[in-house]
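# Fold and geometry: a report
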Amino acid sequence: MWQPTNTPEQDRARKLSELQERGVQPYPNRVTRTHTAREAVSAFEAAEAANPDAPAPLTVTVCGRIVRQNLKGKAFFAHIEDGTGRVQLFVRIDGVGEETFEMIRRHLDLGDFVQARGTMMRTRTGEVSVLVDELVLLAKALSPLPVIKERVADDGSVERYGAFNDVEERYRQRYADLAVNPDSREVFRKRAQTVSALRRFLDGEGSLEVETPILQPIYGGAAARPFITHHNQLHQDLYLRISFELYLKRLLVGMYDAVYEIGRDFRNEGVSFKHNPEFTQLEFYQAYTDYHGMMDLTERMIACVAEQVTGGTTISFEGHTINLAPPWRRITLREAIRGQTGIDYADHPDAKSLFGAMKAAGLAASPTATWGKLVDTLLGDAVEPSLIQPTFILDYPRDISPFAKTVPGDPTHVERFEVFVGGMEMGNAFTELNDPLDQEARFLEMSHLYAAEDEEATPVDGDYLRAMRYGMPPCGGCGVGVDRLVMLLTDRSAIREVLLFPHLRERQA
RNA sequence: GGGCGUGUAGCUCAACGGUAGAGCAGUGGCCUUUUAAGCCAUUGGUUGGGGGUUCGAAUCCCUCCACGCUCACCA
């Protein structure tokens, strides 16, 4: 059973039992509400506008959490907050009676939820308020939330006194963060808007939203280590998906022209400011197009989403002004690397030579990496951080892209792009490989490239190959990291800021 | 996993070898139009855990834990 651990909690626990002794139900079942905080204020303002001298009397019942209180002798002022905003309660002992007023004085705390009935009025200082005639406790708060006071300056700017900004505690107790920090609440509102804007956009394109297995007997579609779990009755190991790719493309075989899925991917890898073990991915696939079509679609989609979420296509991210209006810059990977490092990887067609060139240029590289991996390192280290304005990097080495078609006339490259904004990879797309025999060869190639015990190896997915042998239309596909898109649109530099409950290490007792 | 840094009251922070403090919150008092209310009084801490050095440790050392930054890893 919970025991108070500090003085404020002891006080609240005492108040709780005293209330119960007096027959007050501190957590009643029934609630009445006629107006939200915002509705109450705007209804009164409307009544004032209609008749400035004598606005029609307006009785409301509002509910919310007490976020500010000020006892002033036989009067009591409080702001209550609900999901729509705040409204001030003005309680006078004459209005509610001595018993209720004494309850307010002795037993009400910041953080408690109350229901208040009264008439709308303006106080002497001009604030629209509820002059309360009945006040009911809806829920007693036993632990104190961090106290943050606000002063609204004449110019409308809000100055805040006090804070709850310990990063770890904000993540571990997100409920407290949200309750107390409106900025945090806004981030997740924008996150929801982002996801629904993505849905609306793709629905409008005629794409079908689908759901594919999260528990998969064979994982694939990306190079990442999976989480492994087990189905007891089937005596079968299952993997949490690392991508949706292979299932979504099966659906194109099934004659949907365009499908998409928004959902969770799981990767058993390092955690960083832009990596969480589970993250939200959007993947969309469209028949009868290629990666050029995907680029057009992607830039239109992100610009459209940005407009709906932020009100425009010019956004601010980490001090940069970023213009998301299409068209976006398109440059080949080879040119981008040459431009940033002076290295033309075409001059270094094998891993050894490229490694040497990178060393000579003072760039870190793993001596055991494959040629494709080295190119990827060059991209990640030398190019990616410089890609602040939206940029498509196109045409990737074939051996790190097992699901993309080769560039006609250039067997060493595939039709693939990654899109970068704000120095972060936001998406990855291909002209999807639809040749079942070529795909099978690529699978085998990949499994030879990685050691057998390497968990990043892409396992051969026989069922996927069977699907493709029935005929898959030419198509383009793209994956977009939704969390990173939200980071971009909310100007947050850590993925944990845009995840409600980011993964944290378990704390020892 | 490596390096650097942080951890003090419910929250935000001081004190950096010599009795652990402030503001807010809390408690008691005054105030029936306040709004960061104010005024008076006051409670609250094994200074993240454990060990060591020292006459004396929040402070120095070791170790463990968590978080942050960074490197490695990572489509």
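Residues numbered from 1 in each chain as written. Chains lettered and ligands numbered in written order. Predicted model: local features only at pLDDT ≥ 70, side-chain atom pairs only at ≥ 80, totals over all residues. Heavy atoms only, no water.

### Re the overall build of chain A
The helix and strand inventory of chain A stands at 15 helices and 21 strands. Once the C-alpha set of chain A is aligned to its principal axes, its extents read approximately 90 × 55 × 50 Å. Residues counted as buried form 47% of the 509 residues belonging to chain A. Counting contacts in chain A only where the partners sit at least 6 residues apart, residues at least 24 apart contribute 63% of the total. Taken as a whole, chain A presents about 25,100 Å² of accessible surface, with 50% of it coming from carbon and sulfur. If you average the places of the 57 positive and of the 74 negative side-chain charges in chain A, the two averages end up 6 Å apart. (Helix = DSSP H or I, 4+ residues; strand = E, 2+ residues; numbered from the N terminus. Buried < 20%, exposed > 50% of the residue type's maximum accessible area, 1.4 Å probe, protein only. Contact = heavy atoms within 4.5 Å. Areas by Shrake-Rupley, 256 points an atom, 1.4 Å probe, with all protein chains shown as cover. Lys, Arg positive; Asp, Glu negative; His and termini not counted. Charge placed at Lys NZ, Arg CZ, Asp CG, Glu CD.)

### Here's the deal with the sheet that holds strand β10 (residues 228-231)
Strand order in the open sheet formed by three strands is β9-β11-β10, and the pairing between neighbours is antiparallel. Across the chains shown, the open sheet's two edge strands, defined by having one partner strand only, are β9 (215-216) and β10. As defined by bridge partners, β10 adjoins strand β11 (residues 236-240) across four bridges and the pair is classed as antiparallel. Bridge assignment links Thr229 to a residue of β11, and that residue is Leu238. (Pairing = 2+ DSSP bridges.)

### What about helix α4 (residues 98-107)?
The complete set of buried residues in α4 reads Phe101, Met103, Ile104 and His107. Buried residues in α4 make contact with α1 (7-21), β1 (59-72), β2 (75-82), β3 (85-92), α3 (93-96) and β5 (128-139).

### Details of a nonpolar patch on the surface
Where nonpolar side chains cluster on the molecular surface, the patch consists of Tyr175, Leu500 and Phe501 and spans about 350 Å² of accessible area. Relative to the helices and strands, Phe501 resides in the segment after α15 (482-490). (Patch = residues over 30% accessible without salt bridge, like charges linked within 9 Å, V, L, I, M, F, W, Y side chains within 5 Å. Salt bridge = Lys/Arg side-chain N within 4 Å of Asp/Glu carboxyl O.)

### Overview of the protein's contact with RNA strand B
As a structural note, the neighbourhood of RNA strand B is formed by 53 residues, with Asp11, Asn70, Thr125, Ala223 and Arg496 the closest of them. The sugar-phosphate portion of RNA strand B accounts for 61% of its atoms within 4 Å of the protein, the bases making up the rest. Note that a phosphate oxygen of RNA strand B is positioned 2.6 Å from one of the side-chain N or O atoms of Lys149. Among the secondary structure elements, those contributing two or more residues to the surface near RNA strand B are α1, β1, β2, β3, α3, β6 (149-152), α5 (167-172) and β20 (424-432). Examining the composition of the surface near RNA strand B, we find that five residues originate from one element, β1, more than from any other. Split into classes, the residues belonging to the surface near RNA strand B amount to 16 nonpolar, 13 polar and 24 charged. (Near = heavy atom within 4 Å. Polar contact = N/O pair within 3.5 Å; in protein donor to acceptor, adjacent residues only side chain to side chain. Nonpolar A, V, L, I, M, F, W, Y, C, P; charged D, E, K, R; others polar.)

### Overview of the side chain of Ser243
Inspection of the secondary structure assignment puts Ser243 in the loop between β11 and α8 (245-253). Accessibility expressed as a relative area gives 3% for Ser243, which makes it buried. A distance of 2.9 Å separates a polar atom in the side chain of Ser243 from the backbone oxygen of Gly220.

### Regarding the sheet that holds strand β4 (residues 113-122)
Within a sheet, adjacent strands bond to each other through the backbone by hydrogen bonds, running parallel or antiparallel. Strands sit in the order β1-β2-β3-β5-β4 around a closed barrel of five strands; the barrel is mixed. Mean inter-strand twist for the sheet, computed between neighbouring axes without regard to direction, equals 55°. Two strands pair when backbone bridges link them, and β3 and β5 are joined in this way by four bridges, in the parallel orientation. By the bridge assignment for β5, Val91 is matched with Val132. On top of the sheet, helix α2 (residues 37-50) reaches β1, β2, β3, β4 and β5; it is set at about 10° to β4, its chief contact. (Axes fitted to C-alpha atoms, helices over the stretch in contact; angles between N-to-C directions.)

### Things to note about the packing of aromatic side chains
Here the structure, examined in full by the defined rule, presents seven aromatic pairs. The structure contains a cluster of three or more aromatic residues connected by ring pairs, namely Trp328, Phe392 and Phe417. When the ring centre of Tyr247 is taken as reference, the NZ or CZ atom of Arg250 above it lies at 4.4 Å. A cation sits over an aromatic face here: Arg416 above Tyr396, 4.6 Å from the ring centre. (Phe/Tyr/Trp six-rings, centres within 6.5 Å; stacked < 30°, edge-to-face > 60°. Lys NZ or Arg CZ within 6 Å of the ring centre and 35° of its normal.)

### Quick word on the domain arrangement of chain A
By a frequent convention, interface size equals the accessible area lost on bringing the separate parts together. According to the domain assignment, chain A contains domain 1 (7-144) and domain 2 (184-328 + 389-399 + 426-498). The distance between the C-alpha centroids of domain 1 and domain 2 comes to 48 Å. (Domains from an automatic or database assignment.)

### Describing the packing of helix α7 (residues 182-204) against helix α9 (residues 291-310)
Where α7 contacts α9, the axes come no closer than 9 Å and their chain directions differ by 135°. Compared by their axis directions, α7 and α9 come out oblique. In this structure, α7 crosses over α9, and the sense of that crossing is right-handed. On α9, the residues that touch Lys190, Gln193, Thr194, Ala197, Leu198, Arg200, Phe201 and Leu202 of α7 are Leu297, Arg300, Met301, Cys304, Val305, Gln308 and Val309. Its residues assigned to classes, the contact of α7 with α9 shows nine nonpolar, three polar and three charged. (Parallel < 35°, antiparallel > 145°, perpendicular 65-115°, else oblique. Left-handed = near helix turned anticlockwise from the far one by under 90°.)

### Considering the nonpolar core
Judged by nonpolar contacts, the single largest core of 46 residues is most densely connected at Leu282, Phe284, Met301 and Phe417. Of the residues forming this core, the biggest block, nine residues, is contributed by α9. Residues in contact with Phe284, not counting those within four places in the same chain, are Leu202, Val259, Tyr260, Met294, Leu297, Thr298, Met301, Gly476, Gly477, Cys478 and Val480. Core analysis: the next-biggest nonpolar cluster, separate from the first, contains 42 residues, Ala369, Ile393, Phe420 and Phe443 among them. (Core = buried A, V, L, I, M, F, W, Y, C linked by side-chain atoms within 4.5 Å.)

### Brief notes about the pattern of salt bridges
Inspection of every chain in the model, using the stated rule, returns 38 salt bridges. The shortest N-O distance in the salt bridge between Arg105 and Glu102 comes to 3.4 Å. Taken together, the positions of Arg105 and Glu102, both in helix α4 and three residues apart, correspond to about one turn of that helix. Exposure remark for Glu102: the relative accessible area of 33% places this residue in the partly exposed category. Of the charged contacts in the structure, one is a salt bridge between Glu299 and Arg330, with a shortest N-O distance of 3.3 Å. In this pair, Glu299 sits in helix α9 while Arg330 sits in strand β16 (residues 329-332), placing the two residues 31 residues apart along the sequence.

### Let's talk about the packing of helix α10 (residues 333-341) against helix α12 (residues 371-383)
Between α10 and α12, the least distance of the axes is 10 Å, while the angle of their chain directions is 55°. One element, α10, and the other, α12, form an angle in the oblique class. α12 is crossed by α10, and the crossing has left-handed handedness. Along its contact with α10, which presents Leu333, Ala336, Ile337, Gln340 and Thr341, the element α12 presents Val375, Leu378, Leu379, Ala382 and Val383. When grouped by side-chain class, the residues that make up the contact of α10 with α12 number eight nonpolar, two polar and no charged.

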